[in-house]
Amino acid sequence: MYFKDQNISQGSSQVAKNKVFQKEKFMLENMEFNRAYTHKIELLKLKNNCSSDIKEKEILEEFKKRYKKYREDWHNINDIISNNKNSNTLFQKPLCVDIETASICDLACPHCFREYIVTPDKIMKEGLYLKIMKEVKELQVPSIKLNWRGEPLLNPAIDKFIKIAKENEVIDVSINTNATTLNEEKSLKILNSGLDQIIFSFDGGTKETYEKMRPGRFKKNTFNKIYENIRNFCLLKKKLKKVFPITKIQMVMTKNSRNEVKNFYDLFSDLIDDVVITQYQERGGNMDDILDEQKKKLNDYKDQNNLKELNHYIAKADGELLVSKERRTCDQIYQRLMVTYNGHVGMCCHDWGAKHCIGYLDKDGISSNDKDLKQVYDKTQSKQKGFELLKNIKMPEKFNKPNPIESTLTQIWTGEELKKIRDKHANDKINEIDICKNCTYKNSYHWKKI
């Protein structure tokens, strides 16, 4: 098999037999099918009762230009940061907004932070979503992801939310899903929504590993059912001759799944556009993610270099080992914002417990958050059905309390709370920020091969 470093997540790899899928090339080559573009053309025709080929081509080129600029900025972020180290904002708007359309999840994966940090079982209200979309359109934010801590397909309005995003000219709309509820009805809705990319999370190349890594909270989750859900979605997409959404599947590398990469690839290579192996990130599970020989090599390196501990490493799919040298200014604080189901805004999608809030988009969410958290915590303590697997769960700490006022995305993006974070990063004081101090996000480190 052929492994290529994924260009988004440090240490993760695309898997193929020869040539890997190129999303950006595909997006540009098929921009005429992008729902944001086609919707704008439909509006133009309604307004003028017709539209010229010249005008349509101009609009198409405008969308391509916007997409190219977004991707160039995303890839060049580290150079841009280096050249503008003391700048509060490098861009007038975030390149991406992660919107938690559902914080509830129906799985209890042992490697997920949800098993260790209380997370509300809630979905985002349409009113808040529409408010976010209004500003997203005004800012021309190029990309959104409609999930964060939960399973987006558990929000019954998810296909509607996708359509709304495309009607507000968001070029790149994606979701991550566990596919547990992806039946034919939901598949049709998603396929007709205008979604650009659907990312399936499927941990394991065998039934044994998958069912160990992805147990159900409310009912048994099985390898065969989820495989069939994904397979049927892909076959339906082909039958309907849909260009979008791009399909991607990813498996987290643990000690068990490292030996199942070929199985995993063989399961999905004929169905899925992009097969990816991702790095394990410690979120409380303390799972073994490397093989014994890799662990020995890391321990030898630690002893030879008189290191007390070696917490941060990358073990790539091809066996290459890397260790962290030092922290670096994180790209997340210049690329994206994260919005919870109730309008709390975070600086980073790796703040799993929403511990470091930097602002609020909805005044109602300010007061309701603690109540929503306690509701889940009480259910875990009484071991109610669906909560008995969350035995190690704790209430999240609060590392930051911004002024309890309703703000806009723009005010938060350019505001004092995020400026304080950026200044600490720019001046090599990352460890003074509680949420950043022990972060396992691979892109926030410099690495060297051993």
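Before reading on, note that the structure itself is shown above.
Residues numbered from 1 in each chain as written. Predicted model: local features only at pLDDT ≥ 70, side-chain atom pairs only at ≥ 80, totals over all residues. Heavy atoms only, no water.

Caption draft 1: Up close: the pairing of strand S3 (residues 96–99). Burial along S3 is two-sided: Cys96 and Asp98 facing one way and Val97 and Ile99 facing the other are all buried. In this sheet, strand S4 (residues 143–145) lies alongside S3 in parallel orientation, the contact comprising three bridges. Among the inter-strand pairings, Val97 is bridged to a residue of S4, identified as Ile144. Since S3 and S4 lie parallel, the crossover through helix H5 (residues 126–139) that links them has a hand, and here it is right-handed. Sheet analysis places S3 next to strand S11 (residues 336–339), joined by four bridges and oriented parallel. Paired with Ile99 across the strands is Val339, a residue of S11. (Buried < 20%, exposed > 50% of the residue type's maximum accessible area, 1.4 Å probe, protein only. Helix = DSSP H or I, 4+ residues; strand = E, 2+ residues; numbered from the N terminus. Pairing = 2+ DSSP bridges. Right-handed = clockwise from strand over helix to strand, strands pointing away.)

Caption draft 2: Fine view of the state of the cysteines. A complete count under the given rule lists zero disulfides for this structure. With no disulfide partner, Cys234 has as its closest neighbouring cysteine sulfur the one in Cys109, 20 Å distant. For Cys349, which is in no disulfide, the shortest distance to another cysteine sulfur is to Cys348 and amounts to 5.2 Å. (Disulfide = S-S within 2.5 Å.)

Caption draft 3: The arrangement of helix H10 (residues 261–268) in detail. Buried residues of H10: Val261, Phe264, Tyr265, Leu267 and Phe268, and no others. For H10, the arc enclosing every buried residue in end-on projection is 160 degrees, short of the 170-degree limit, so these residues lie on one face. In this fold, the buried residues of H10 make contact with strand S1 (2–5), strand S2 (13–16), helix H9 (223–239), strand S7 (246–252) and strand S8 (274–278). (Arc of directions from axis to C-beta. Contact = heavy atoms within 4.5 Å.)

Caption draft 4: Geometry of the environment of Asp273. With respect to the helices, strands and loops of the structure, Asp273 is situated in the loop between H10 and S8. On the basis of relative accessible area, Asp273 is assigned to the partly exposed category, the value being 32%. Between the C-alpha atoms of Asp273 and Phe21, which are 252 residues apart in sequence, the distance is 6.4 Å. Polar side-chain contacts of Asp273 include one of 2.9 Å to the backbone nitrogen of Thr247. (Polar contact = N/O pair within 3.5 Å; in protein donor to acceptor, adjacent residues only side chain to side chain.)

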